[in-house]
Amino acid sequence: MPEIGEWVETAPGARRRVLSDAPGLMMVEFQFEAGAVGALHNHPHIQGTYVASGRFEFTIGSETTVIGPGDSMIIPTMVTHGCVALEAGSLIDSFTPRRDDFL
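Note that the structure is a prediction, hence the values are computed from the model and not measured. (Residues numbered from 1 in each chain as written. Predicted model: local features only at pLDDT ≥ 70, side-chain atom pairs only at ≥ 80, totals over all residues. Heavy atoms only, no water.)

K.L.:
I'm lost on the environment of Ala-14 in this one. Help?
P.N.:
By secondary structure assignment, the location of Ala-14 is in strand 2 (residues 14-22). With 17 residues separating them along the chain, Ala-14 and Gln-31 place their C-alpha atoms 5.7 Å apart. Beyond its immediate chain neighbours, meaning those up to four positions away, Ala-14 contacts Val-8, Glu-9, Gln-31, Phe-32 and Ala-36. (Helix = DSSP H or I, 4+ residues; strand = E, 2+ residues; numbered from the N terminus. Contact = heavy atoms within 4.5 Å.)

K.L.:
Teacher, can you tell me more about the packing of aromatic side chains here?
P.N.:
The way to describe two aromatic rings as a pair is by their centre distance and the angle between their planes. With the rule as written, the count across this model stands at 3 aromatic pairs. Seen from their ring centres, Phe-32 and Phe-56 are 5.4 Å apart, and the 75° between their planes marks the pair as edge-to-face. Residue Phe-32 is located in strand 3 (residues 25-32), and its partner Phe-56 is located in strand 6 (residues 56-60); the two are separated by 24 residues in the primary sequence. A residue is classified by how much of its surface remains accessible, and Phe-32, at 7% relative accessible area, is buried. (Phe/Tyr/Trp six-rings, centres within 6.5 Å; stacked < 30°, edge-to-face > 60°. Buried < 20%, exposed > 50% of the residue type's maximum accessible area, 1.4 Å probe, protein only.)

K.L.:
How should the sheet that holds strand 4 (residues 37-41) be read in this particular structure?
P.N.:
Sheets are built from strands that pair by backbone hydrogen bonding, the pairs being arranged parallel or antiparallel. Across the sheet, which stays open at both edges, the 4 strands sit in the order 4-9-6-7 with antiparallel pairing between neighbours. Both edges of this open sheet fall to strand 4 and strand 7 (63-67), since each of them pairs with a single strand only. Neighbour to neighbour, the strand axes of the sheet diverge by 20° on average, direction disregarded. Sheet topology places strand 4 next to strand 9 (residues 81-85); 3 bridges connect them, and they run antiparallel. (Pairing = 2+ DSSP bridges. Axes fitted to C-alpha atoms, helices over the stretch in contact; angles between N-to-C directions.)

K.L.:
Even after reading the chapter, I still don't get the layout of surface pockets, so can you show me in this structure?
P.N.:
Picture a little ball the size of a water molecule; that probe, rolled over the atoms, points out where space is still empty. Its boundaries defined by the atoms lining it, the largest pocket holds a volume of some 300 Å³. What lines the largest pocket is a set of 21 residues, among which Phe-30, Phe-32, Gly-38, Ala-39 and His-41 lie closest to the centre. Residue assignment for the lining of the largest pocket shows that the elements contributing at least two residues are strand 1 (8-11), strand 2, strand 3, strand 4, strand 9 and strand 10 (89-96). For the lining of the largest pocket, the element with the highest residue contribution is strand 4, accounting for 4 residues. A per-class count over the lining of the largest pocket returns 11 nonpolar, 7 polar and 3 charged. (1 Å grid on protein atoms, 1.4 Å probe; cavity = no way out; pocket = protein on both sides within 12 Å on 5 of 7 lines; lining within 4 Å. Points joined across faces, edges and corners; volume = space filled by probe spheres on them. Nonpolar A, V, L, I, M, F, W, Y, C, P; charged D, E, K, R; others polar.)

K.L.:
Whenever I open this one, unusual backbone geometry confuses me. Can you help?
P.N.:
Negative phi values dominate among residues other than glycine, just as trans dominates among peptide bonds. With omega at -10°, the peptide bond leading from Thr-96 into Pro-97 counts as cis. Take Pro-97: it is sitting in the segment after strand 10. For Met-78, which is not a glycine, the phi torsion comes out positive at approximately 65°. Among the secondary structure elements, Met-78 is positioned in the loop between strand 8 (72-75) and strand 9. Relative accessible area serves as the criterion here: at 47%, Met-78 is assigned to the partly exposed category.

K.L.:
Looking at this structure, I do not really get the environment of Gly-89. What am I missing?
P.N.:
Along the chain, Gly-89 turns up in strand 10. Classification of Gly-89 as buried rests on a relative accessible area of 9%. Residues Gly-89 and Phe-32 lie 57 residues apart in sequence; the distance between their C-alpha atoms is 5.5 Å. With residues up to four places along the chain from it excluded, the contact list for Gly-89 reads Phe-30, Gln-31, Phe-32, Ser-53, Gly-54 and Phe-56.

Below you can see the structure in the form of structure tokens.
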């Protein structure tokens, strides 16, 4: 199992690390190389995403949009979502409750 702060590869050109966690909340940093994909998926957690750097094409449900530094969004529970990094960058995600599958 990864330790807090340890990078875990999630896909080619993409990785994540848990920044902090408690049973009700978790913060995670994701880094992407240009062209890397965050595959479409869903989960029972509410997710908040903040773009720290880079530009991403984000799909949430049936809507696709391009987001960049300083943008943020909330992804409701069980809504299918994913992204493509249009340029290298990082996302800071919060999950409630925490994602035990990341620990």
